[in-house]
Number of protein chains: 2
Amino acid sequence: MTTDFVNAETDSTPSELDLARAEFQRELLSAGILIETDVLGLYGRSGLFEDIIDGIDRVVVAAGPGSAATRLRFPPVFPRTSFERTDYIASFPNLTGAINTFNGSNRDHSQLLADRANGESWDRYLEPTETMLVSAACHPAYAQYTGELPEGGVLLDIYGFCFRHEPAIDPARMQAFRMHEFVTIGDADAAAAHRKKWIERGMGILGDLGLDATPVIANDPFFGRAGRMLAANQRDENLKTELTVRLYGDLDEGTAIVSSNNHLDHFGKTFDITTAHGEVAHSSCVGFGMERIALSLLRTHGLDIAAWPGGVRGHMGL
Amino acid sequence: MTTDFVNAETDSTPSELDLARAEFQRELLSAGILIETDVLGLYGRSGLFEDIIDGIDRVVVAAGPGSAATRLRFPPVFPRTSFERTDYIASFPNLTGAINTFNGSNRDHSQLLADRANGESWDRYLEPTETMLVSAACHPAYAQYTGELPEGGVLLDIYGFCFRHEPAIDPARMQAFRMHEFVTIGDADAAAAHRKKWIERGMGILGDLGLDATPVIANDPFFGRAGRMLAANQRDENLKTELTVRLYGDLDEGTAIVSSNNHLDHFGKTFDITTAHGEVAHSSCVGFGMERIALSLLRTHGLDIAAWPGGVRGHMGL
């Protein structure tokens, strides 16, 4: 079903790119590296795939700030209060995941089960909870820093699952995936320097992994008509650089597998964070898309890990 | 807020147990081991806490089936089609997490943002997606085995985040937590033997961690009036054993940190899994509640890991 040669997103005749993506997906599923589910863009992971993820993470961590950063790990859901402050619902409503649950009585539950037995949806018996799925690994972190930062700001190491509702055949577009981020919150210069440094360092990491990456000025996929202007502004101001790898040759512009972004004072404003000198804090982050890097490795070096270049395996500790 | 000495669940005067739970929560937050959020039962994790989790996992894995098991890892959301087949909405509707997202137009989004600007809820603009939060680590796995099992059945090693909507001050009752499970799907004897073996082996693991655990015949928290009978049946048939540790002395009966359960043919039936001999498959699992084991270690050996017994640290590789 998810391997049908159909472009589920548009229902149009599949393009060469669609076919290439479907073929890569089929290869990964046939090899048992990813495990198919009933949902487009949602996969189980094999032990082998997890070994690759862990190997990538060793390379990322080795190039990272080590004990200079505060390690923070968040579960895959976070408070709506924080989600609201990210302004994500304004910019990316279509990617959002809100959590609903059942708060009703025995009688309500009986009705739910009766509807269910009749093949009807039972969602109308559910109500919103106080949580959302994590939209970007760093989003749950900012609320901890409301108030005044220490002198020199903070440097964070954050690793966790993110959710984006964008069903797709392309295995590189998953609905749930891991992102390892290094984030700085501080003054404007520190945020700009962090972003710049991590473009270079990110390229170094991908080089160690034997990946042929290209830095590209990019924009976030802001929603709708108003979003087009936000995207253009982001590009004009050169705030986001993606490191891209061509998974499908010349059929597209490449897949972003690392992203280094300057948020300017966006989170500083919305989370009321100030520097030790009383200015609104700036922030920036580099995010390593762990599943996408793994897929780039499989696409570049092949599905047989034993045949990968020795240097790459050595860096990864595989 | 989450540290108020108030029983948020009942709004009644706090009991001694409530006070003990709130005090433990306060200690963990003050020490920076867990990180407070706006949501009861939802925490960020420090690097130190993650080191403890990883150490526990090394002990669990060392006692586990190793390469005899198929390693499977699932993201924190899974298909509704699988969720439906677990029958979870019938038994535990109140713990459920359904994912909603925005599928609307530019105009719908403008209205959403206008409502939001007026301080109104925007949930009515969202619609159910095809995914649910993972209710138990093993639930996403069964769909892979619909059909006939290989001779001897399958043995699975599954580790991932679970979600249960049960806001609580007790740090041992988290809304999002990790469970490492070893699952067997096969004939009735294999399922019963797996469950029995893992009660003993689980006790051994907890002994290595220096925890004073007790095996207790238990039941799942089935919802509502009808649930009471299901719970009584489960106890009468001796299908679920929890390994419990007393985090709060004699103030309660202890906290379940490991659970070994025989599902009989429940998942075999609902997921249409048969043995190589054509019988409906049975399944059983042992689940290690990683956060709860970590909290038991902190409660038993203290918040200063450097002062933990050398043997425990040795087992954990800390």
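Structure report, in brief. What you see is a predicted model; the values in this text were computed from it and never measured.

What follows concerns the side chain of Asp157 of chain A. One can find Asp157 of chain A in strand E8 (residues 154-163). When near neighbours in sequence (up to four residues on either side) are disregarded, Asp157 of chain A contacts Ala69, Thr70, Arg71, Leu72, Arg73, His180, Glu181 and Phe182 of chain A.

Turning to the pattern of salt bridges, a few remarks are in order. Counted under the stated rule, the structure contains 34 salt bridges over all chains. Between Asp51 of chain A and Arg71 of chain B there is a salt bridge whose closest N-O contact spans 3.0 Å. Of this pair, Asp51 of chain A sits in helix H2 (residues 47-63) while Arg71 of chain B sits in strand E3 (residues 70-73), which puts the two residues in different chains. Three or more residues are tied together by salt bridges with common partners; here these are Arg45, Glu50, Arg178 and Glu291 of chain A.

Residues Glu151, Asp187, Asp189 and Glu279 of chain A make up a contiguous surface patch of negative charge. With respect to the helices and strands, the residue Asp189 of chain A is situated in helix H6 (residues 188-208).

Here we come to the interface of chain A and chain B. If you look at the interface, chain A gives 67 residues, while chain B gives 67 residues. Summing the contributions of chain A and of chain B, the shared interface buries around 5300 Å²; its carbon and sulfur component is 60%. It is Arg71, Arg116 and Trp122 of chain A in chain A that bury the most area against chain B; as a group they hold 11% of the surface buried on that side. Taken together, the links from chain A to chain B amount to eight salt bridges. Inspection of the chain A/chain B interface yields 32 residue pairs in polar contact (both at pLDDT 80 or more). Top element by residues in the side of chain A that touches chain B is strand E6 (residues 127-133) of chain A. It accounts for six residues. Along the lines of polarity and charge, the residues of the side of chain A that touches chain B split into 32 nonpolar, 21 polar and 14 charged.

What follows deals with the packing of H2 of chain A against H6 of chain A. Residues and elements named next belong to chain A. Running from amino to carboxyl end, H2 crosses H6 at an angle of 140°, the nearest separation of the two axes being 10 Å. The angle between H2 and H6 places the two elements in the oblique class. Between H2 and H6 lies a crossing of right-handed hand. Facing H2, whose interface residues are Val59, Val60 and Ala63, H6 presents Trp198, Arg201, Ile205 and Asp208.

Parameters and conventions
Residues numbered from 1 in each chain as written. Chains lettered and ligands numbered in written order. Predicted model: local features only at pLDDT ≥ 70, side-chain atom pairs only at ≥ 80, totals over all residues. Heavy atoms only, no water. Helix = DSSP H or I, 4+ residues; strand = E, 2+ residues; numbered from the N terminus. Contact = heavy atoms within 4.5 Å. Salt bridge = Lys/Arg side-chain N within 4 Å of Asp/Glu carboxyl O. Patch = residues over 30% accessible without salt bridge, like charges linked within 9 Å, V, L, I, M, F, W, Y side chains within 5 Å. Areas by Shrake-Rupley, 256 points an atom, 1.4 Å probe, with all protein chains shown as cover. Lys, Arg positive; Asp, Glu negative; His and termini not counted. Charge placed at Lys NZ, Arg CZ, Asp CG, Glu CD. Buried area = accessible area lost by both parts, 1.4 Å probe. Polar contact = N/O pair within 3.5 Å; in protein donor to acceptor, adjacent residues only side chain to side chain. Nonpolar A, V, L, I, M, F, W, Y, C, P; charged D, E, K, R; others polar. Axes fitted to C-alpha atoms, helices over the stretch in contact; angles between N-to-C directions. Parallel < 35°, antiparallel > 145°, perpendicular 65-115°, else oblique. Left-handed = near helix turned anticlockwise from the far one by under 90°.

Shape descriptors only; they carry no functional weight alone.
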